[in-house]
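Overview (structure and organization)
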Amino acid sequence: MVSILELENAFAKCSDWSLHPDNISLSKDHDSIELSEPLVTYLCDKASSKKHWCEIRFYHLRILLLNKSTTNFDLKQYFYDRQKSSRRLWLKLFYIRGYALYANEQEMIPIVYKFQSLLMKCHDYVDYEPILSVGGLPYLVKTYGYTCLKEALVSAQNEYQKINPLLRGEYSLDEQLEFYTLMSEEERHERFQKWLEEKRNV
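First things first, this report covers the structure right here in the doc. This one's a predicted model, so the numbers in the text were calculated from it and none came from an experiment.

Criteria and thresholds
- Residues numbered from 1 in each chain as written.
- Predicted model: local features only at pLDDT ≥ 70, side-chain atom pairs only at ≥ 80, totals over all residues.
- Heavy atoms only, no water.
- Helix = DSSP H or I, 4+ residues; strand = E, 2+ residues; numbered from the N terminus.
- Buried < 20%, exposed > 50% of the residue type's maximum accessible area, 1.4 Å probe, protein only.
- Contact = heavy atoms within 4.5 Å.
- Expected span 1.5 Å × (residues − 1).
- Polar contact = N/O pair within 3.5 Å; in protein donor to acceptor, adjacent residues only side chain to side chain.

As a further point, take the overall build of the protein. From N to C terminus, the protein includes 11 helices and two strands. From first element to last, N terminus to C terminus, the protein shows the α and β order α-α-α-α-α-α-α-α-α-α-β-β-α. Sorting the 202 residues of the protein into buried and exposed places 48% on the buried side. For the protein, long-range pairs separated by at least 24 residues make up 66% of all intrachain contacts whose partners lie at least 6 apart in sequence.

If you want it as structure tokens, here you go:
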């Protein structure tokens, strides 16, 4: 088993906005191992750190979401507090996914409805791609089937259509919560330039 010290040494190689390959490699080893209390504490600390970008925090959160032994530890309050305080909407959803590991449907309803109301105020493509990915709301609907989740998914899909098509479909998350791109860098740049041109002509 990889030690916390090894993880920390690899994490020290990361920048504030980018993960080092050594950190990615070591972190993936923890998706299926039996987690220990010190390791869970370490992952929780990294996942809620304000020192790094959302993507880096998410990479530690994903281990807690994917590892089946996470539920051996009482993280219900942790996930509740994090989803409540998270400003980035897509990250909030994945804290809600963590909370769902412990909460019943009645406990989920007010949180999901609050999230749904925020969806209607936010039309940032950066949020919607992870939210609508197979690991986002569709996963929650498939896993739990709660009516509130189904309604939130419909709202997300409807609000997504309000985003400029030139900003949609650039990337997504797979079932292992790994980001992947859906187009080349050249195509992304070309679409972004077209979007800027549209904005200038408005």
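Attention now goes to the side chain of R191. Relative to the elements of secondary structure, R191 occurs in helix α11 (residues 185-201). With sequence-adjacent residues up to four places away left out, R191 is seen in contact with P165, L166, L167, R168 and M183.

Its 12 residues place the ends of helix α6 (residues 89-100) 17 Å apart at the C-alpha level, agreeing with the 16 Å of an ideal helix rising 1.5 Å per residue. The buried fraction of α6 amounts to 12 of the 12 residues, a majority that puts the element mostly inside the structure. Restricting attention to buried positions, one finds in α6 the residues L89, W90, L91, K92, L93, F94, Y95, I96, R97, G98, Y99 and A100.

Okay, helix α7 (residues 105-119) next. The first and last C-alpha atoms of α7 sit 20 Å apart over 15 residues, in line with the 21 Å expected at 1.5 Å per residue. Buried within α7 are the following residues: M108, I111, V112, F115, Q116 and L119. Where α7 is buried, its residues meet α5 (76-85), α6, α8 (125-131), α9 (137-144) and α10 (147-160). Backbone nitrogen of Q106 and a side-chain oxygen of the N-cap are separated by 3.1 Å at the start of α7; the cap is N104.

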